[in-house]
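One letter stands for each residue in the lines below.
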Amino acid sequence: MTLAASLQFIRELPKVELHLHLETSLRLRRLAERGRRASGPHDDSPGPSDVTEPQRIADPARFTGYDRLRRLRYLSRAGRIADEWYTPERMVVGVSGKVGEGLEPMLEELLGDMSANGERRPVPLLGADRMLGAMARARARAESRLGISSGFLVTIVRERGPEEAEQRVREAIACRDCGVVGVDLAGDEQNYPPALFARPLGLAREAGLGITVHAGEFAGPASVWTAVYHLGAQRIGHGIRAADDSELLTRLRERGVTLELCPTSNLHLGLCASMGALPLRRLLDAGVSVTVNSDDPMLLGTDLSRELHAVATTFSLGAAEVTRLVTNAARAAFAPVPALP
Ligand SMILES: [Zn+2]
């Protein structure tokens with residue numbers, strides 16, 4: 001085994017994560033425990049042992065494409081627990097009514113875990129504007145105590161339409177002081193083409209926010225072309241299908257567009273048959289700025305170190321290539337990253 005393929009080497013390497021959905025990354029297991037405790041012994045709400053395995057939720061025989069992701073993320077017992085808890089009151093003060101039980105300490109704890117894992121600049125994705133005050137406080141404390149810096153992306157969900165997208169963008173622009181560094185277009189890529197969101201994302205761009213778009217995950221290269229040329233995406237969430245189009249790869253390289261690969265996520269959603277089937281080598285050989293990310297680490301049972309370790313092992317990457325994946329992420333972080341050694 002090469003040094004770069006050692007999990008220890010990767011854990012100790014200072015790292016930068018670009019693509020981590022906060023909602024499913026919070027301590028759902030702990031939330032479940034607390035929910036059960038708070039509602040008494042006869043309550044049949046899901047407990048920690050009921051958090052369903054991603055493989056079972058994303059059953060390829062039953063669900064395909066984006067529907068499979070929806071099942072994985074929202075219809076899992078973990079997802080239902082999360083929905084119950086996502087009220088502004090509970091997010092901030094927690095179910096027991098005591099400060100210290102809600103989003104703020106959990107986010108700080110999540111950042112603490114990432115810091116212990118060598119991450120220096122995670123950029124979690126965010127769904128609800130009312131979380132931002134609590135998140136800003138957790139972010140500031142994690143930075144001063146642990147030296148881990150973070151920035152937030154406000155996620156625009158395609159299925160909710162362009163009007164809501166514009167509202168989210170206005171919230172993001174108003175919250176730059178809370179640590180919002182950009183917006184992310186996510187959701188059903190096949191049925192809601194990027195062009196629908198040109199106006200809201202144009203507003204974000206004019207305001208100086210970074211733009212990242214989930215594309216080339218469930219849909220083909222055309223979706224990536226549109227995201228880059230119509231929406232001004234500087235980063236593409238996933239983007240693995242760009243590898244099907246060599247002209248597109250040239251343009252991505254020339255424009256310095258960064259791809260946020262999330263290998264385990266792709267594997268669980270059936271987008272590649274095996275880790276080795278990911279087009280990582282082709283993307284690297286084309287000179288595209290490639291990064292590796294964890295996407296939904298709680299649901300997928302992964303973290304950034306494991307993702308980097310998996311690709312280093314699968315594709316026999318050397319230390320220089322692993323480091324390059326990290327420096328690519330640092331360059332694309334939409335905000336200054338503390339110096340990496
Ligand atoms: Zn994602």
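Everything below is about the structure shown above.
Reading the values: rules and limits
Residues numbered from 1 in each chain as written. Predicted model: local features only at pLDDT ≥ 70, side-chain atom pairs only at ≥ 80, totals over all residues. Helix = DSSP H or I, 4+ residues; strand = E, 2+ residues; numbered from the N terminus. Contact = placed C-beta atoms within 7 Å. Buried ≥ 20, exposed ≤ 12 C-beta atoms within 10 Å, placed from the backbone. Pairing = 2+ DSSP bridges. Right-handed = clockwise from strand over helix to strand, strands pointing away. Expected span 1.5 Å × (residues − 1). Arc of directions from axis to C-beta. Axes fitted to C-alpha atoms, helices over the stretch in contact; angles between N-to-C directions. Parallel < 35°, antiparallel > 145°, perpendicular 65-115°, else oblique. Nonpolar A, V, L, I, M, F, W, Y, C, P; charged D, E, K, R; others polar.

**Student:** How would you explain the overall build of the protein if you had to name every residue and give the values?
**Tutor:** From N to C terminus, the protein includes 17 helices and eight strands. Taking the intrachain contacts of the protein between residues at least 6 apart in sequence as the baseline, contacts between residues at least 24 apart amount to 73%.

**Student:** Lay out the pairing of strand β5 (residues 210–215) with the relevant residues and their values.
**Tutor:** Most of β5 sits out of view: six of its six residues are buried. Taking every second residue as pointing to the same face, both faces of β5 are buried, with G210, T212 and H214 on one and I211, V213 and A215 on the other. Relative to β5, strand β4 (residues 180–186) runs parallel, the two sharing four bridges. Paired with G182 across the strands is G210, a residue of β5.

**Student:** Can you lay out the environment of C175 for me, pointing to particular residues and giving the numbers?
**Tutor:** In this structure, C175 sits in the loop between α9 (161–174) and β4. The spacing of C175 and L132 is 43 residues in sequence and 7.6 Å in space, taken between C-alpha atoms.

**Student:** Quick one: what's the story with unusual backbone geometry, residue by residue and with numbers?
**Tutor:** One non-glycine residue, H238, lies in the positive phi region at around 75 degrees. Structurally, H238 can be placed in strand β6 (residues 235–238). Positive phi is not limited to glycine here, since F334 has a value of about 65 degrees. Its place among the elements puts F334 in the segment after α17 (319–331). For F334, a count of 21 C-beta atoms within 10 Å puts it in the buried group.

**Student:** Any details on the pairing of β6? Residues and values, ideally.
**Tutor:** Working note: regular strand, side chains alternate between the two faces of the sheet. Of the pairings in the sheet, the one linking β5 to β6 comprises four bridges and is parallel in character. Among the inter-strand pairings, T212 is bridged to a residue of β6, identified as R235. You can see the chain leave β6, run along helix α12 (residues 246–255) and come back into strand β7 (residues 258–261), and the turn it takes is right-handed.

**Student:** An account of helix α8 (residues 132–146) is needed here, citing residue identities and associated values.
**Tutor:** An ideal rise of 1.5 Å per residue puts 21 Å on 15 residues; α8 measures up with 20 Å between its terminal C-alpha atoms. Within α8 the residues assigned to the buried category are L132, A134, M135, A138, R139 and A142. In a view along the axis of α8, the buried residues occupy a sector of 150 degrees, so they form one face of it. Of the residues in α8, the exposed ones pointing more than 90 degrees away from the buried face are S144 and R145. Backbone geometry just after α8 places G147 at a positive phi near 75 degrees.

**Student:** Can you explain helix α10 (residues 198–206)? Please cite residues and give values.
**Tutor:** For α10, the set of buried residues is P200, L201 and A204. Here the buried residues of α10 occupy an arc of 95 degrees about the axis, which is enough to place them on one side. Set apart from the buried face of α10 by more than 90 degrees, the exposed residues are R199 and E206. Count one or two residues on from α10 and you reach G208, which has phi positive near 85 degrees.

**Student:** Please set out the packing of α9 against α10 residue by residue, giving values where relevant.
**Tutor:** At a minimum axis distance of 8 Å, the contact between α9 and α10 shows a crossing angle of 10 degrees. By the angle between their axes, α9 is roughly parallel relative to α10. On α10, the residues touching P162, A165, E166, V169, A172 and I173 of α9 are R199, P200, L203 and A204. Of the residues contributing to the contact of α9 with α10, the split by class is eight nonpolar, no polar and two charged.

**Student:** Before we move on, can you summarise the environment of L271 with the specific residues and values?
**Tutor:** Note on placement: L271 falls in the loop between α13 (263–268) and α14 (280–285). Taking the number of C-beta atoms within 10 Å as the measure of exposure, L271 has 21 and is therefore buried. Sequence separation of L271 and F218 is 53 residues, and the distance between their C-alpha atoms is 7.5 Å.

**Student:** Tell me what's going on with the environment of H21, and back it up with residues and numbers.
**Tutor:** On the secondary structure map, H21 appears in strand β1 (residues 20–21). A C-alpha to C-alpha distance of 8.4 Å links H21 and P297, two positions 276 residues apart in sequence.

This is a description of form; function is not addressed.
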